[in-house]
Amino acid sequence: MKQSPNDLKKYQPLTLDNGLRVLLIHNEETDKSAAALAVNAGHFNDPSDREGLAHFLEHMLFLGTTKYPDGSEYQKFINQHGGSNNAWTATEHTCFYFDIHHQHFNEALDRFSQFFISPLLSDEFISKERKNIEAEFKLKLKDDVRRLYDVHKETINQRHPFSQFSVGNVDTLADRNGVSIGKEVSAFFEQYYQASYMTLAVEGPQSLTELNSLVQGMFSDIKNNNHPLSTVTHPLYLPEHQGIQIDVQPVKKEHKLIISFAMESIDKYYQDKPESILTYLIGHEGNGSILAKLKQEQWAMSLTAGSGINGSNFKDFNISIGLTELGELHINDIISIVFSYIGLLKSEKIPRYYYKEKQIIADLSFMYQEKCSPLDNVSQLAINMQHYPSVDYIFGDYIMSGMDDNNINHLLNYLNADNLRIIHVSPNNTFSKTSFWYQVPYHTSKIPEEILTYWRQLSTPTHPQFQVNKDLFLPEENPYISGNPHVYDNEDKNILPKNIVSTNGLSVWYKQDTTFKVPKGYIYIGIDSPFSLESVENIAMTRLFVDLYSNTIVAENYDAELACIHYHLYAHQGGITLQVSGISENQPKLLEKLLYSLKHHEINEKSFNLCKQQLMTHWKNSDKSKSISQLFSTLSSLMQPNNPCADDLAKALDTVSCSQYQRFSKQLFEKITLEVLIHGNWLMEHATNIVDNIKIAFDNNYSNEYAVQCPVIDIFNKKTLVYPLTIPEHDHATVIYNPLRTRDEKLVALTMVASHLLSPLFFQEMRTDKQYGYLVGVGYVPINRYPGIAFYIQSPNTDAITLTSAIDKFIIESISTIKSLSIEDWSHLIHGLAGQLQEKDNNLRIKSQRFWAAICNKDLQFNHKTQLVKAILSLKFEEILTFIESQLMVQAKPDRIILMSIPTEESILPNQIQHVLDSNQIIDLNDFTKKSQRKY
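The rules behind each value
Residues numbered from 1 in each chain as written. Predicted model: local features only at pLDDT ≥ 70, side-chain atom pairs only at ≥ 80, totals over all residues. Heavy atoms only, no water. Pairing = 2+ DSSP bridges. Helix = DSSP H or I, 4+ residues; strand = E, 2+ residues; numbered from the N terminus. Axes fitted to C-alpha atoms, helices over the stretch in contact; angles between N-to-C directions. Contact = heavy atoms within 4.5 Å. Expected span 1.5 Å × (residues − 1). Buried < 20%, exposed > 50% of the residue type's maximum accessible area, 1.4 Å probe, protein only. UniProt positions renumbered as here; feature names shortened; annotations may be inferred. Core = buried A, V, L, I, M, F, W, Y, C linked by side-chain atoms within 4.5 Å. Phe/Tyr/Trp six-rings, centres within 6.5 Å; stacked < 30°, edge-to-face > 60°. Lys NZ or Arg CZ within 6 Å of the ring centre and 35° of its normal.

A word on the sheet that holds strand S4 (residues 84-89). Spatially, six strands are ordered S1-S2-S6-S3-S5-S4 in an open sheet, and the strand pairing comes out mixed. Each of the sheet's edge strands pairs with one partner strand only, and the pair in question is strand S1 (10-15) and S4. Adjacent strand axes in the sheet meet at a mean angle of 10° when their direction is disregarded. Taken together, the six bridges between strand S2 (residues 21-26) and strand S6 (residues 198-204) define a ladder with parallel strand orientation. Each bridged residue has a counterpart across the sheet, and for Leu24 the counterpart in S6 is Val202. Helix H2 (residues 73-80) contacts S4 and strand S5 (94-101) of the sheet and is inclined by roughly 45° relative to S5. Those strands touched by helix H12 (residues 374-387) are S1, S2, strand S3 (32-39), S4, S5 and S6, and its axis lies near 155° from that of S6.

Further remarks concern helix H18 (residues 605-620). Along its 16 residues, H18 runs 22 Å from first to last C-alpha, staying within 8% of the 22 Å computed at 1.5 Å per residue. Within the span of H18, buried status applies to Ser607, Phe608, Leu610, Cys611, Lys612, Leu615, Met616, Thr617 and Trp619. Of the surrounding secondary structure, the elements contacted by the buried residues of H18 are strand S9 (300-307), helix H15 (536-553), helix H20 (646-654) and helix H21 (658-667).

Taking the UniProt record as the reference, the feature "domain: Peptidase M16 N-terminal" (unreviewed entry) is found at residues 21-138. Helix makes up 36% of residues 21-138 and strand 24%, and the two end C-alpha atoms of the span are 37 Å apart.

Grouped together as the largest cluster of nonpolar side chains are 132 residues, with contacts concentrated most on Ile321, Trp455, Ile525, Leu598, Tyr661 and Phe698. When residues no more than four places from it in sequence are discounted, the contact partners of Tyr661 are Met541, Leu544, Phe545, Leu548, His601, Ile603, Phe608 and Val656.

Let us now look at the packing of aromatic side chains. This model, assessed by the stated rule, comprises 42 aromatic pairs. Plain terms: the ring middles of Tyr661 and Phe664 are 6.4 Å apart, the flat faces sit at 35° to each other, and that makes the pair tilted. In this pair, Tyr661 and Phe664 are both assigned in helix H21, three residues apart and thus about one turn of the helix distant. Judged on exposure class, the residue Tyr661 and its partner Phe664 are both buried. Note on Trp826 and Phe877: the rings are 5.3 Å apart at their centroids and 65° apart in plane angle, and the pair reads as edge-to-face. Of this pair, Trp826 sits in helix H25 (residues 823-837) while Phe877 sits in helix H28 (residues 877-888), and the two are 51 residues apart along the sequence. By relative accessible area, which is 9% here, Trp826 ends up buried. By the ring-pair criterion, three or more aromatic residues cluster together here, those being Phe62, Tyr74, Phe96, Phe98, Phe105, Phe112, Phe115, Phe116, Phe189 and Tyr193. Across the ring face of Phe77, the terminal group of Arg111 is positioned such that the distance to the ring centre comes to 4.0 Å.

The pairing of strands in a sheet happens through backbone hydrogen bonds and is either parallel or antiparallel. Ordered by their spatial adjacency, six strands build an open sheet running S15-S16-S20-S17-S19-S18, and the pairing between neighbours is mixed. Each edge of the sheet is formed by a strand with only one pairing partner; in this case those strands are strand S15 (498-503) and strand S18 (565-572). Strand after strand, the sheet turns through a mean of 10° between neighbouring axes, direction not considered. Pairing of strand S17 (residues 520-528) with strand S19 (residues 575-583), which is carried by nine bridges, proceeds in the antiparallel orientation. Along S19, the bridge assignment pairs Ile523 with Val580. In the packing of helix H22 (residues 684-698) onto the sheet, contacts are made with S15, strand S16 (506-512), S17 and strand S20 (673-680), and the angle to S20 comes to roughly 155°.

This is the structure in structure tokens:
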């Protein structure tokens, strides 16, 4: 088995006597153990009259086994010992996975293995879990991705299993003729949950011998009927499903064009990956590319290539284009440009250096493979084991065995006008049909033959009228790609970043990577600008600056992006942050260009209007998000004056002119403070050069007097405040947020432990037992480092006041459950949480993010996590009871904010809220924010 030189784990593939394929992984660098099991069965295997059965079974397997009959015990055990777990069902596979502290892995693995040996599939849970499936289905009714899938399913060969409804609901999973669906669930399990259809990956610090013993002892009893799995034989599309345009109405105001070409399954090409070259060239964003031409015409803002559904007998090669409103008027012109580029690819032999560049990048990615958590690793490998032979379990995703012109041309030939489907997503279309499950308005029409003829001409070099579009050309060789980057010897003796520059307004931290020894690095430059916060208009223009900057420099810096040198500009509450990451060798050269572009930001009126419109549309679309997402977004704006709501930002930006924006962008960096982190494969001399470039770029415009403080609203002594939001045509939802007064580490520890303790109990009661909805939870939610705890529920059927009362009742009644915890349970709980916080950084990216977060949070000793772990481990059981009783229980009248989603305006609501919740109502968000006390 080929593994990366940077991967020090030990691997052992084996096959149990029952046919289960297993991969054992010894990882001595982790305290966590993890397991993932994938089954080669998914919704494609659903009986035609029982759509969603595979998904339903996935849910049911968590709800008790013969050996462990308590339906909530598995979740509680995993949570109590600092672990996590989940599962998913896809078209042809279902995957289950968990992680936990290694000391408890044996017990957890035994529980996990029983899912696949002797699940109860009890009628007691069938009715409840069916309602959860229904809630999950309803939760995504307004999800545009799901809705597009629904239309896709209706416009293909109805004999292909992809056409089936995958999620399930109360109707498809109903009992029939007085007989429970339980027998059908059991029959599905017996037919498809066979050892020979399964792959299992387990990882931990245990030796390979010990892991082998565990797996042999626990998984050998999985049944195997030795029947070969049936294959999908029906084609995805029939001739009538090609050469059509499908117009789809989205929920959000978005404009998208998908040009889709049907291919055979590409699994067999995994060694040379010919499709990657087509993706590389068609999806290119540099000069001469499709996107560059579309941007020049102001017809599109984004383009991706190569994505699309794929499976054992099909692959869609999609070219997905984010349209402008002007682009909406030029759909056929856009498609003509795409076909012209396809004609260009077919007109000459594709140069081999493109493949060589992809090969170098793949080799570097594999050689210096980023380490990931055991959970992420086993989840990926269990699926890889379904697709690759054992020798390529790890290497299969990276292998680029050599350019095969025949394979590339074979796939390129699928990109033709007779193998085309056009999907146009826009609210401006007219519609004649409505999809069955998600009620999506859509319309299908045949593409006129004269248009197809023209596209054939554009994409067929042998056609007598074929001409190359002079605006389109293939990219030159990439100057940023380096096949043999140098990793420097360790010179930095410091364990933590060192402050190498601390002048008036400029603070620079440097740390050579001496841990992971990869040719990578991370540079963060935090730029605080008081001018960016002077008004809501300025905050909106700062966000617009980020978009315009990113849009205008993409073509000139795209080669760097392809060469794994990434950049990202984003707004934060005090200004903006520029992050550069990836291969370290050419990062300083790119950074110099990026910094120059920041200060010399020229924009024309057309580009300004285009980006302004796109950003305003994005903000206006926020009211189409899930109820719970809107409530949390409102909470963030309510608590943070520097973070206006989307509606206020859109209104403010609407009045901004191009000339006003240009004046703003020139002033943005005149009075700033700078915080910098340089971490990775650089020596001190490199760091010094990087600092010199930063100083030159900002020309001494920095000073400590321009430091920005980010306030948080202080609701001390306000008791319960309620802010109801009318969100038409959305689910009911409520969020109860209890913010704490100070940043004291003990208070942070108490809040985190309370969240950790209450979360599984809340999930069990509100989702599994009371069936309020699919989205329920308790979370630790700090705002600007002030601790807070949030309880939330989104429900399709139960109103927000009832949900809020149920949460308050739960908190009260949870005390008796918590009091029943044994000393051992309490110890496991706090050590489990402490163990999560003490997990080692798996890779340079995570370590850099941790260092940067510490710097931004003024944790300049980099010891906040250590102090927090000490605080957690020193907590007494009585203290957590007192905390819940005094800070969370409604009788204690804690300071808290309740946000509610109300589907319709209800005049009686204020009185109801006052009567039921004993609260004060926030009428106007901005007025409340202006008049409230602030803390820093």
